[in-house]
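Here are the chains, one letter per residue:
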Amino acid sequence: MPRHPLWPRPQRGQSTRGKVRGGAGVENCHHFPDGIQPPRPVRGAGPAVRGGGDNLRMTSPEHLDSFLEDLRLDIAATFTVVRGGNEDAVIRAFGGAPEQARPMRLEDLSEQDDGDFILVSRSGPTVVVLEYNNFQGAREEVLRPLSRLGRTASAYWNVNMVSRLSLAEDGLVSSVLDLVVPEDPFGAHPEAWEPLLEGLPLRESNGWGCGLAAVERATGARFDRAWARGPHHAVPITPVPEYVLGQAHVDSPLLKREPFVSYLADLSPALMGRMRRHALELAVAHADLRTHPLAVAALTMDEGSPAEWDRLRQELDAAASLALSRSHALRADEADDFAPEWERPSALDFRRAIVFGVLATCVAAHRPDTTDGLPDILSSLVNAMTGDSKRVREFQMVGHLHRAAWRAD
């Protein structure tokens, strides 16, 4: 299983979080308890929230940043907290067996590289689960069962600056947002994080401490010296299977019409080629290229000499380069805070550059003298399918079912 989910986001400015463990910049890292600065409680730093205990006390995000750096968890980690949960039930929700728990020091977590496991502990009325370089606690398949045990919050980040802050209650994921770009939350109640984030400078921060502070506020956990001293227990886990249809998809009206009815009736790898073609046609339409001669040729050409296929691929590559140049020229004159992002004047040419490039890849792979089928292009098209339209939502559903079909192999 991959160590990071596929949701690309814009990157922050300069930060120490991109330094890889053992590389330049990670030096003289002190081990707990002597080297770690104890996180400092701050009063009056946030609003009282339901179920959070003494919510006028939270830990300083700056101290949490230092705390993470000292533990070498600032590169890639997930903190998941369940308020009032039973430790054994929490372990099972992660795919672990309570009887396999063994003691481990918190400061040793980042040194482990022996498969999937979690580190479980208690902080006041909460159960805390840590993962180093893994993200199970950010997954819906884990968050929803945990939230039936009690209010659940998690903060996740990785070396690629991908991040998520999640809040789940009563069996549903209430709100999920990106710690780097927090303005676009989603979930059953997207606004649920809003009162809990008051006063936390997410966009201005160069660390992940704000995310942990938000988890503290939501659950009543405290990542302080007493918690860090332990006890902590490591438990091997087998990642729980993904849902075929998750919370955001199960009630979609798209599933009541073709071709989605047929997709669901026989969800298997045999359908992946059809789904890729479906996704490609959606992207061509979204880039307003349905009548463009090169796009039409790429979508309809099924005969021709190798030289003709090569010529078409070269023309598509050239069209992609031209569209990208136009996009960059327009982008230079646009305001940095243009919103929404997908309505920038430069956005259409950017989409076209991606789609032309993907069409060139498809032409190269689908030549008569090759045996390969249509390549996996959905991840390449993601950044072209931006916006809030029916076509974008249809593409997202195709992508979701395509992943499910791949897993069915």
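Below, the structure is looked at part by part. (Residues numbered from 1 in each chain as written. Predicted model: local features only at pLDDT ≥ 70, side-chain atom pairs only at ≥ 80, totals over all residues. Heavy atoms only, no water.)

## Quick look at the nonpolar core
- If you look at the biggest cluster of nonpolar residues, it comprises 43 residues, and the most contacted ones within it are F260, L280, V284, L316, V355, L359 and L381.
- Those elements that place two or more of their residues in this core are helix 6 (260–265), helix 7 (272–286), helix 8 (293–300), helix 9 (306–331), helix 10 (347–365), helix 11 (378–381) and helix 12 (390–407).
- Residue contributions to this core peak at eight residues, all from helix 10.
- Apart from residues no more than four positions distant in its own chain, L381 is found in contact with A279, L280, A283, I354, V355, V358 and F395. (Core = buried A, V, L, I, M, F, W, Y, C linked by side-chain atoms within 4.5 Å. Buried < 20%, exposed > 50% of the residue type's maximum accessible area, 1.4 Å probe, protein only. Helix = DSSP H or I, 4+ residues; strand = E, 2+ residues; numbered from the N terminus. Contact = heavy atoms within 4.5 Å.)

## Considerations on helix 3 (residues 140–147)
- Among the eight residues in helix 3, six count as buried, and that is most of the element.
- All of the buried residues in helix 3 are E141, V142, L143, R144, L146 and S147.
- Contacts from the buried residues of helix 3 go to strand 3 (77–83), helix 2 (87–93), strand 7 (152–157), strand 8 (163–169) and strand 9 (172–177).

## Focus: the sheet that holds strand 5 (residues 117–123)
- In space, the eight strands of this open sheet follow the order 4-10-5-6-3-7-8-9, with antiparallel pairing throughout. Of all strands in the sheet, those with a lone pairing partner are strand 4 (102–103) and strand 9, marking the two edges.
- Bridging between strand 8 and strand 9 involves five bridges; their strand directions are antiparallel. Counterpart to L165 in the pairing with strand 9 is L177.
- The strands that helix 3 touches are strand 3, strand 7, strand 8 and strand 9; relative to strand 9, the one it contacts most, it runs at about 125°. (Pairing = 2+ DSSP bridges. Axes fitted to C-alpha atoms, helices over the stretch in contact; angles between N-to-C directions.)

## A word on the packing of aromatic side chains
- Inspection of the entire model under this criterion finds eight aromatic pairs.
- Arranged with centres 6.0 Å apart and planes meeting at 50°, the rings of F67 and W227 form a pair that is tilted. Linking F67 in helix 1 (residues 61–71) with W227 in helix 5 (residues 225–228), this pair joins segments that are 160 residues apart in sequence.
- Judged by its relative accessible area of 1%, F67 is buried.
- Pairing F260 with Y263 gives two aromatic rings, centres 5.6 Å apart and planes at 85°, and the pair type is edge-to-face. Taken as a pair, F260 and Y263 lie in helix 6 at a separation of three residues, close to a single helical turn. Of the two residues, F260 and Y263, neither departs from the other in class, the shared state being buried.
- Among the aromatic residues, those joined into a ring-pair cluster are F67, F79, W157, W208, F223 and W227. (Phe/Tyr/Trp six-rings, centres within 6.5 Å; stacked < 30°, edge-to-face > 60°.)

## Observations regarding the packing of helix 8 against helix 9
- With their axes 10 Å apart at the nearest point, helix 8 and helix 9 run at an angle of 140° to one another. The angle between the axes of helix 8 and helix 9 places the two elements in the oblique class. Of the two possible hands of crossing, helix 8 and helix 9 adopt the one that is left-handed. Here L294, A297 and A298 of helix 8 come into contact with helix 9, specifically with L312, E315, L316 and A319.
- In terms of residue class, the contact of helix 8 with helix 9 is made up of six nonpolar, no polar and one charged. (Parallel < 35°, antiparallel > 145°, perpendicular 65-115°, else oblique. Left-handed = near helix turned anticlockwise from the far one by under 90°. Nonpolar A, V, L, I, M, F, W, Y, C, P; charged D, E, K, R; others polar.)

## Some words on the environment of R144
- Its place among the elements puts R144 in helix 3.
- On the accessibility criterion, R144 (16% relative accessible area) is buried.
- Separated by 103 residues in the primary sequence, R144 and Q247 place their C-alpha atoms 9.3 Å from one another.
- When neighbours within four sequence positions are excluded, R144 is seen to be in contact with G171, L172, V173, Y243, G246 and Q247.
- Within polar-contact distance, the side chain of R144 engages the backbone oxygen of G171 at 3.0 Å. (Polar contact = N/O pair within 3.5 Å; in protein donor to acceptor, adjacent residues only side chain to side chain.)

## Examining unusual backbone geometry
- A cis geometry characterises the amide bond from G230 onward to P231, with omega recorded as 10°.
- Turning to its location among the elements, P231 is positioned in the loop between helix 5 and strand 10 (233–236).
- Of note, the amide linkage connecting E258 to P259 takes the cis form, showing an omega dihedral of 5°.
- Mapped onto the secondary structure, P259 falls in the loop between strand 10 and helix 6.
- Not every positive phi belongs to a glycine, and M161 is a case in point at roughly 70°.

## Structural notes on the pairing of strand 9
- The buried count for strand 9 comes to five of six residues, which makes it a mostly enclosed element.
- Counted between consecutive antiparallel strands, the loop separating strand 8 from strand 9 contains two residues, among which D170 sits at a positive phi close to 55°.

## Points about the pairing of strand 8
- Taking burial as the measure, the seven residues of strand 8 include seven buried ones, the bulk of the element.
- Burial of strand 8 is two-sided: the residues S163, L165, L167 and E169 facing one way and the residues R164, S166 and A168 facing the other way are all buried.
- Pairing analysis gives six bridges linking strand 7 to strand 8, with the strands arranged antiparallel. Looking at the pairing, T152 lines up with A168 of strand 8.

## Observations regarding the environment of V82
- With respect to the element layout, V82 can be found in strand 3.
- Residue classification places V82 among the buried residues on the basis of a relative accessible area of 1%.
- Separated by 70 residues in sequence, V82 and T152 place their C-alpha atoms 4.5 Å apart.
- The residues touching V82, leaving out its near neighbours within four places in the chain, are V90, P125, T126, V127, L146, L149, G150, R151 and T152.

The values are spatial; any link to function lies outside them.
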